[in-house]
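Survey of secondary and tertiary structure
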Amino acid sequence: MQDFKKDFPIFQNNPDLVYLDSTASSQKPAVVIDGVADYLRNSYANIHRGSYVISEISEKLYEDSKKIVAKNLWVENWREIIYTANSTYALNILAQSIWRTGLLKAGDTVLLSIVEHHANVVPWLILKEDYGINVEFIGVNDNYDLDYNDFRDKLTDTVKIVSLAHVSNTTGQIFDLENVSSLLAVRYGKQKPLFIIDASQSVPHFEVDVKKLWCDALFFTGHKIFADSWIWVLWAKEELLNTLKPIFSGGGAIGMVQESSFTHSQKLPDKFEPGTPNLSWAVSLLRAFEYIESIWGYSILENHEQTLVQYTLEKFLWLEGVRLIGSLDAKKRVGVFTFVVEGIHSLDISDYLAEENICIRAGQHCAEPFMISLWVNHTCRMSLQVYNTQEDIDRFFDVLLQAISELK
Ligand SMILES: Cc1ncc(COP(=O)(O)O)c(C=O)c1O
């Protein structure tokens, strides 16, 4: 297998580190770290309206960052790419802007899946609490795939928004969202509800094509795909962005301001990016996508991960007293493995592994509705990225076995 570890300085600086928590946040390759440092050392300046050289360089890097994101999502117009903080802010901004624009009314329904991350639950529950919308959940079947029959049954006339994760951050299951789009088109024709996709766990693992998904908006967070934290990417169709009334505005995002009134800028993406953007984060995302392109793109990422997923699943199959919450079909999932060890608390397992410099996560993974539906309240999660190797996985299972025999 190709060695990608060498591209990530954290592993040279911590040779014993076994990092299996990339679903929470990925490690950063040298090109991202050096790219940000180089930018801050040599060409940092605020963008927009600075006619001096380093401001123009900054502006170009900012736009290049949007352009490479657009290219990788198969978006034609990079001006449809908006940056703010993280996925959680993304959904809050989107949900509130949708409400403010009148695209949702009291009594309308937002349809989610039961596995959603809190980022795609709480913003809608706020609208439920404040304005009386309905929030309904589609279940998953025994293979942890979306229950498409349940989905069909829930497509009533009140559904105005369908907002779904592309990949679950607990089971790693990939939902067939092209199928979801087709079902929406068959049921509603041109009056289709807005279809929003949380791609926070798909963009870090495989190529995402917004045209094929036929969605209205899609978002993900930069820190899970090798960039720095606090950069969130929202893509939405130009038509929707033109219609939406932003909930935040100010410098750079306005048309005109007088003492008693103002207008929003009609320019994209400015309308949704008030204030100074985080320029070094945007550079980090530019360098992160350049890194993916430099290793021959997503197909290499996907092949590498598939091999590791298959390997990990086989190892889980041989473990007694361990319940894996997720499908055994490697083709329908990414490298996220949530599990429960009978009779041992997840925190004890993760602490034991941490003593051996093995990083996993314990808890409910911000997916409490799903955990409640499974009747489990604490789980462990190990997750993979391109820098992981079979040796990492072997080490994890060796120490997990030790933990089970000692802690039981
Ligand atoms: C599916 C999914 N959506 C949203 C988020 C939230 O991302 P952030 O913490 O960057 O807001 C996460 C983070 O784990 C996630 O896995």
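Residues numbered from 1 in each chain as written. Predicted model: local features only at pLDDT ≥ 70, side-chain atom pairs only at ≥ 80, totals over all residues. Heavy atoms only, no water.

All told, the structure shown has 15 salt bridges when counted by the stated rule. Of the charged contacts in the structure, one is a salt bridge between Glu273 and Lys66, with a shortest N-O distance of 2.7 Å. Of this pair, Glu273 sits in the loop between β10 (262–264) and α10 (279–294) while Lys66 sits in helix α3 (residues 53–73), placing them 207 residues apart in sequence. Note that Glu356 is salt-bridged to Arg395, the shortest N-O span being 2.9 Å. Of this pair, Glu356 sits in the loop between α12 (346–355) and β13 (358–359) while Arg395 sits in helix α14 (residues 390–407), and the two are 39 residues apart along the sequence. With a relative accessible area of 32%, Arg395 lands in the partly exposed category. (Salt bridge = Lys/Arg side-chain N within 4 Å of Asp/Glu carboxyl O. Helix = DSSP H or I, 4+ residues; strand = E, 2+ residues; numbered from the N terminus. Buried < 20%, exposed > 50% of the residue type's maximum accessible area, 1.4 Å probe, protein only.)

Here the focus is the nonpolar core. Val69, Leu73, Leu218, Phe220 and Phe289 are the most contacted members of the largest nonpolar core, which has 77 residues in total. It is α10 that provides the largest number of residues to this core, a total of nine residues. When residues of this core are sorted by domain, at least three fall in each of domain 1 (5–29 + 297–407) and domain 2 (33–293). The residues touching Phe289, leaving out its near neighbours within four places in the chain, are Ile68, Val69, Asn72, Val203, Phe220, Ile225 and Tyr298. In terms of nonpolar packing, the next biggest core, distinct from the first, is built from 29 residues, Phe337, Leu353, Phe397 and Val399 among them. (Core = buried A, V, L, I, M, F, W, Y, C linked by side-chain atoms within 4.5 Å. Domains from an automatic or database assignment. Contact = heavy atoms within 4.5 Å.)

This part is about the domain arrangement of the protein. Looking at the protein, the domain boundaries give domain 1 (5–29 + 297–407) and domain 2 (33–293). For domain 1 versus domain 2, the separation of C-alpha centres amounts to 27 Å. Opposite the 41 residues of domain 1 that make contact, domain 2 presents 33 residues. In this assembly, domain 1 packs against domain 2 so that about 3100 Å² is buried in total across both faces, 57% of it on carbon and sulfur atoms. Connecting domain 1 to domain 2 are zero salt bridges. The interface formed by domain 1 and domain 2 includes 25 residue pairs in polar contact (both at pLDDT 80 or more). Broken down by element, the residue count for the side of domain 1 that touches domain 2 peaks at five residues, all from helix α13 (residues 368–374). A class-by-class count of the residues in the side of domain 1 that touches domain 2 yields 19 nonpolar, twelve polar and ten charged. (Buried area = accessible area lost by both parts, 1.4 Å probe. Polar contact = N/O pair within 3.5 Å; in protein donor to acceptor, adjacent residues only side chain to side chain. Nonpolar A, V, L, I, M, F, W, Y, C, P; charged D, E, K, R; others polar.)

The antiparallel open sheet is built from four strands, whose spatial order is β11-β12-β15-β14. The open sheet is flanked by β11 (322–324) and β14 (361–363), the only strands paired with a single partner. On average, each strand axis in the sheet is tilted by 30 degrees relative to the strand beside it, whichever way the strands run. Bridge count between β14 and strand β15 (residues 379–383): three bridges; the pairing is antiparallel. Pairing of Ala362 across the sheet is with Cys380, part of β15. Along the sheet, α12 makes contact with β12 (336–341), β14 and β15, crossing β14 at roughly 165 degrees. (Pairing = 2+ DSSP bridges. Axes fitted to C-alpha atoms, helices over the stretch in contact; angles between N-to-C directions.)

Bringing the site of the ligand into the picture now. Residues in contact with the ligand, as listed here, are Asn86, Ser87, Thr88, His117, Ala119, Asn169, Asp198, Ser200, Gln201, Thr221, His223 and Lys224. His223 is positioned such that a nitrogen or oxygen atom in its side chain is 2.8 Å from an oxygen atom of the ligand. Lys224 places a polar side-chain atom, nitrogen or oxygen, 2.6 Å from an oxygen atom of the ligand. In the complex, the protein chains occlude 89% of the 400 Å² of accessible area that the ligand would expose alone. Classifying every residue of the shell around the ligand gives one nonpolar, nine polar and two charged. (Near = heavy atom within 4 Å. Areas by Shrake-Rupley, 256 points an atom, 1.4 Å probe, with all protein chains shown as cover.)

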